[in-house]
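Chains, contacts and geometry: an overview
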Amino acid sequence: MVNGELILLFLTGLFSGIISGMGIGGGTILIPALVLLVNPGQHIAQSVNLLFFIPTAIIALIVHIKKKRIDFKMAMPIILFGLAGAFAGSKLAMSLPGNSLKKWFGLFLLLMGIYELFIKGRKKHSV
């Protein structure tokens, strides 16, 4: 691994970790950054994101639990159904070619961006 590439990975991890700790989702930064900067292939980038998520989520959870910012009653049904969704999603991801997976992920990010820019902002101002 070239030193420049290692520095890019370090900075990508750092920035993704900051975003992850905020609860926004570091994968929205990590996956595109990996694909654009290192080009490991979409399946590998998304798998690295899953592995990245575990320790960063643990650290963020510890901080949020200490600050009493988690509603466990609300979280439990989301967690249970999220596990089922994660299983189905991983099966779906493995069945798609990398190029299709990249396009679906890009579409997801685009739709979330549109929601954040136009729909979510409109709801705040109407309250």
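Below or above, wherever it landed, is the structure these notes cover. Values in this document were obtained by computation on a predicted structure and should not be read as measured data. (Residues numbered from 1 in each chain as written. Predicted model: local features only at pLDDT ≥ 70, side-chain atom pairs only at ≥ 80, totals over all residues. Heavy atoms only, no water.)

1. Quick word on the environment of G21
- Tracing the sequence through the fold places G21 in helix α1 (residues 3-21).
- Judged by its relative accessible area of 29%, G21 is partly exposed.
- Spatially, the C-alpha atom of G21 lies 28 Å from that of V2, the residues being 19 residues apart in sequence.
- Apart from the residues within four sequence positions on either side, G21 is in contact with A60 and H64. (Helix = DSSP H or I, 4+ residues; strand = E, 2+ residues; numbered from the N terminus. Buried < 20%, exposed > 50% of the residue type's maximum accessible area, 1.4 Å probe, protein only. Contact = heavy atoms within 4.5 Å.)

2. A word on the packing of helix α2 (residues 27-37) against helix α3 (residues 42-66)
- In contact at an axis separation of 9 Å, α2 and α3 are set at 145° when each is read in the N-to-C sense. By crossing handedness, the relation of α2 to α3 is classed as right-handed. In this structure, α2 contributes G27, L30, I31, L34 and V35 to the contact, and α3 contributes Q42, A45, Q46, V48, N49 and F52.
- Residues of the contact of α2 with α3, tallied by class, amount to seven nonpolar, four polar and no charged. (Axes fitted to C-alpha atoms, helices over the stretch in contact; angles between N-to-C directions. Left-handed = near helix turned anticlockwise from the far one by under 90°. Nonpolar A, V, L, I, M, F, W, Y, C, P; charged D, E, K, R; others polar.)

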